[in-house]
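Working through the structure, step by step
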Amino acid sequence: MKRVIFYFLLFFIITLEVGGQGTTNDSTMISRELQEVVIKASKDNVTYKNIPASVSVIPTNVIEDNEIRSLTDLSATAPNFFMPEYGSKLTSPVYIRGIGSRINSPSVGLYVDYVPYFEKAAFDFDFFDINKIEVLRGPQGTLFGRNTMGGIINIVTTSPMDYQGTHLNISAGNYGAYSINTGHYGKAGEKLGYSIALNSLHNDGFYTNEYTGSKVDKLNSFGLRNRVIYEISPHLTIENIAGYELSMQGGYPYAVYVDSLFASKPINYNQYSTYKRNLFSDALLLRYSGEDFEIMSTTSYQFLDDAQDIDQDFTSDSLFFVVQKQHQNMISQEVIARSSGSKKYKWLFGGYFFHQQFDNAVDVNAYAQSMPYLKTYDHRITGAALFHQSTLADFPIKNVTLTAGLRVDTEEDLMDYFYDRTLRGVYSIIADTTYPSLKSLEIIPRFALNYQLKNSNFYAVVARGYKTGGFNSTFERPEDLTFNSEYSWNYEAGIKTSFFNEKLKTDAALFYIDWDNQQIYQTVPSGRGSMLKNAGNSVSKGAELSVSSNPFKGLDLTISYGYTDARFVTYKLNETVNYDNNYIPYVPRHTISIQAGKTFEINSNVIDKLKVLAIYRGAGKIYWEEENTFAQPYYGLLDAKISFSRNNVQFDFWTKNILNEDYYSFYFTALGNKYVQTSKPLQFGVNLGLKF
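Okay, so let's go over this structure. (Residues numbered from 1 in each chain as written. Predicted model: local features only at pLDDT ≥ 70, side-chain atom pairs only at ≥ 80, totals over all residues. Heavy atoms only, no water.)

**Some remarks on the overall build of the protein**
From N to C terminus, the protein includes four helices and 42 strands. A globule of 692 residues ought to have a C-alpha radius of gyration of about 26 Å, and the protein, at 25 Å, matches this closely. Considered along the principal axes of its C-alpha atoms, the protein spans approximately 75 × 55 × 50 Å. By the burial criterion, 55% of the 692 residues in the protein qualify as buried. Expressed as a percentage of contacts within the protein between residues at least 6 apart in sequence, the contacts between residues at least 24 apart total 65%. In the structure as shown, the protein presents an accessible area of about 28700 Å², 59% of it carried by carbon and sulfur atoms. (Helix = DSSP H or I, 4+ residues; strand = E, 2+ residues; numbered from the N terminus. Rg over C-alpha atoms; globule rule 2.2 N^0.38 Å. Buried < 20%, exposed > 50% of the residue type's maximum accessible area, 1.4 Å probe, protein only. Contact = heavy atoms within 4.5 Å. Areas by Shrake-Rupley, 256 points an atom, 1.4 Å probe, with all protein chains shown as cover.)

See below:
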């Protein structure tokens, strides 16, 4: 930590010495305008300053400056946001304020251009063509329903109605990394907008398998996004947004951890492991604007087809090899009617329907038992909801705004299960079952107060969170077939304010979350697979602070800090073991991000602007299991970037993890062993950007 402070002090001295030629850069302008930015995820057109919630907005320039290329790169950038690296795009859980889920359905909602991502295997996609990212912390179930206990991540891509032009970005770095991204955004007249963007990336991998002498985590990925908007009339607009990604990667750089050495052995397993995924999403939007109301219809579809081949013992012995395939189709329909204008009373009514269907297969070869077996699942989930939100200004007193919302959410979960095996040459059918459906009916309320005092907004929120129960895809005992829903009550208070003529902006929040039946990841009794079980009562409490400042011309400073104390209050594993008062695993106690950027106006024949950026991100302490016996201490990463630009050309030199910080990004136990994934090493590269 001392080294990090030294580097930041050095950076500040350099920038201040040359500060006489500084100029206000794009991020400062966006920071000043942020208070008026409409939060798309709110669904009621409320601005950042007036929304009674803890929110982080990451605009385009910050995404580019910070080299944010996936959700994992957002860790700590938003307070109490953490998405660890798990070895492949398949397992991509997100944790906000201590709430998350390693397997099965997510506990944090993700929407990309109005398409809900209900399956975590779709979360880790490549970022390109992104306009902004909104992170709303705390339960968002009243407007979004199931599986949003931790919050919502809303990703908005670039619209051709807001930007027209063509760009080409080329990047190259060490470890054989390179990417190409291009996009064109145009308008045909005033009513029709269209865009197409393409992205391709490759890297040779960071981790070497000692057994084969080759990299285990090579990645090739290709993405496409298309958007068409037609303003049929001043009142009616139709829009279609489609996105596709093909991803092919090696993965799972797991090494055996040895307690006596306090270190891990080299990665050493004999069967190459891969993850391949096709992901397609599409949203069709219809908007009608009346004199004092708006109606919006969103029809969305997502297709996911993936395959995981994995050496499940991660050793040089041939013990278990698993092929897991997943085929998902999801369709949803939402209709919202809301008031418009600046009236004191605002209303919103909505209806929602979705159907999600999985065809899953798990093919296991247990070499030691000479027992190959196959499990298949036909899994169908159907849900519907009605919701309403009312907002009343100057109530009960002047400058106080009251918001109240209610959602009625119903769901049905069905699964057919087939299990056959061959044991020492003898084939048998173990199970061929249609399980009784799981049905639920939930009432999800939310109440919020917002008080405006000059340039400050104080708010308080009480909201209920809900995450649906379901079937375990891996189980060995009848009592492990299903797990129950979990529920929470979230209590939050915060302030959004500014000082010194808006040169210093501060957001702060305190929260307390009390939740029951928490769904906890556990291995099945044999150790070959994982499942969810319900714990007792848990509590998460903490604080968040975001500060942005422009103290000198051309100098931008941003600090984001999150503290989370998430523990089991009562969790009895069996008659002899309980984890009462233990920390909840996978949740960093602290997250911190410090960013400092300086832009210089050069005005030479070669360079117009020079920008220097330093970024520090830290997280920890993180416990990896309920026993709290193995933890990753706090660690910090230092990144930097230098950008040179002239007219429509920009050249960047960037580095990540400059100090080559060594830490464990993941830990788990299986088959009597402990496994870890180590951190990625120092990375560096160059970017070339062209705009036409």
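**Here we look at the environment of Ser281**
In this structure, Ser281 sits in strand β17 (residues 274–289). Residue Ser281 is classed as buried on the basis of its relative accessible area of 7%. Residues Ser281 and Gly243, 38 residues apart in the sequence, show an inter-C-alpha distance of 5.2 Å. Residues contacting Ser281, with those up to four places away along its chain left out, are Val115, Tyr117, Ile241, Ala242, Gly243, Tyr301 and Gln302. Among the polar contacts listed, one links the side chain of Ser281 to the side chain of Gln302, at a separation of 3.0 Å. (Polar contact = N/O pair within 3.5 Å; in protein donor to acceptor, adjacent residues only side chain to side chain.)

**Overview of the pattern of salt bridges**
Using the criterion set out here, one finds 35 salt bridges in the structure. Among the salt bridges present, the one from Glu411 reaches Arg146, with a minimum N-O distance of 2.8 Å. Taken together, the positions of Glu411 in strand β22 (residues 400–423) and Arg146 in the loop between α4 (141–144) and β7 (151–157) put the pair 265 residues apart, joining distant regions of the chain. Taking relative accessible area as the criterion, Arg146 reaches 4% and is therefore assigned buried. (Salt bridge = Lys/Arg side-chain N within 4 Å of Asp/Glu carboxyl O.)

**Observations concerning the nonpolar core**
Counting 95 residues, the largest nonpolar core has Leu71, Phe81, Leu110, Tyr117, Ile133, Ile153 and Ile155 as the members making the most contacts within it. With five residues, strand β40 (residues 664–670) is the largest single contributor of residues to this core. Setting aside chain neighbours within four positions, we find Tyr117 in contact with Pro106, Leu110, Val112, Ala122, Phe123, Phe125, Leu279, Ser281 and Gln302. (Core = buried A, V, L, I, M, F, W, Y, C linked by side-chain atoms within 4.5 Å.)

**Structural notes on the sheet that holds strand β1 (residues 54–59)**
Taken together, the five strands give an open sheet; going across it, the order is β1-β6-β7-β4-β5, and neighbouring strands pair in mixed fashion. Single-partner strands in this sheet number two, and they are β1 and β5 (115–116). Both β1 and strand β6 (residues 130–137) contribute to a ladder of six bridges, which runs antiparallel. The residue bridging Ile58 from the neighbouring strand is Ile133, located in β6. (Pairing = 2+ DSSP bridges.)

**Brief notes about the packing of aromatic side chains**
Scanning the model with the defined rule gives 39 aromatic pairs in all. Of the aromatic side chains, those joined through ring pairs into one cluster are Tyr86, Tyr95, Tyr252, Tyr254, Tyr269, Phe314, Tyr586, Trp624, Phe666, Phe668 and Tyr675. Lying across the ring of Tyr521, Arg102 places its NZ or CZ 3.8 Å from the centre. (Phe/Tyr/Trp six-rings, centres within 6.5 Å; stacked < 30°, edge-to-face > 60°. Lys NZ or Arg CZ within 6 Å of the ring centre and 35° of its normal.)

**Some thoughts on the pairing of strand β19 (residues 320–339)**
On any regular strand, side chains alternate: one points to one face of the sheet, the next to the other face. One ladder, built from 19 bridges, connects strand β18 (residues 293–311) with β19; its direction is antiparallel. Bridged to Glu294 within β19 is Arg338. In terms of strand pairing, β19 meets strand β20 (residues 345–366) through 19 bridges, oriented antiparallel. Across the sheet, Ile336 pairs through a bridge with Gly350, a residue of β20. Between the antiparallel neighbours β19 and β20 lie five residues, among them Gly341 with a positive phi of about 95 degrees.

**Side note on unusual backbone geometry**
Leave glycine aside and you will find that most residues have negative phi; peptide bonds, for their part, are mostly trans. The step from Phe395 to Pro396 runs through a cis peptide bond, and the omega angle for that step is 5 degrees. Structurally, Pro396 can be placed in the loop between β21 (371–392) and β22.

**Quick word on a nonpolar patch on the surface**
The grouping of Ile170, Ile180, Ile642, Phe644, Val649, Phe651, Phe653, Phe684, Val686 and Leu688 at the surface amounts to a nonpolar patch, some 770 Å² of accessible area in total. Contributing elements (two or more residues each) for the nonpolar patch: β38 (635–646), β39 (649–656) and β42 (683–691). By the element assignment, Val649 lies in strand β39. (Patch = residues over 30% accessible without salt bridge, like charges linked within 9 Å, V, L, I, M, F, W, Y side chains within 5 Å.)

**Considerations on empty space enclosed by the protein**
The full count for this structure, using the stated rule, is ten cavities of 30 Å³ or more. For the second largest cavity, the calculated volume is near 180 Å³. Elements that contribute at least two residues to the lining of the second largest cavity include exactly β13 (219–231), β14 (236–250) and β17. It is β14 that contributes the most residues to the lining of the second largest cavity, five residues altogether. Residues that form the lining of the second largest cavity fall into these classes: eleven nonpolar, two polar and four charged. (1 Å grid on protein atoms, 1.4 Å probe; cavity = no way out; pocket = protein on both sides within 12 Å on 5 of 7 lines; lining within 4 Å. Points joined across faces, edges and corners; volume = space filled by probe spheres on them. Nonpolar A, V, L, I, M, F, W, Y, C, P; charged D, E, K, R; others polar.)

**Examining the side chain of Glu119**
Inspection of the secondary structure puts Glu119 in the loop between β5 and β6. With no salt bridge to any partner, buried Glu119 finds its closest opposite charge in Lys120, at an N-O distance of 6.0 Å. Apart from the residues within four sequence positions on either side, Glu119 is in contact with Leu304, Gln326, Gln328, Gln356 and Phe358. (Lys, Arg positive; Asp, Glu negative; His and termini not counted.)

**Re the sheet that holds strand β15 (residues 255–258)**
Strand order in the open sheet formed by four strands is β16-β15-β41-β40, with antiparallel pairing between adjacent strands. Both edges of this open sheet fall to β16 (263–264) and β40, since each of them pairs with a single strand only. Pairing analysis gives three bridges linking β15 to strand β41 (residues 673–678), with the strands arranged antiparallel. In the sheet register, Tyr257 faces β41, and the bridge partner there is Lys674.

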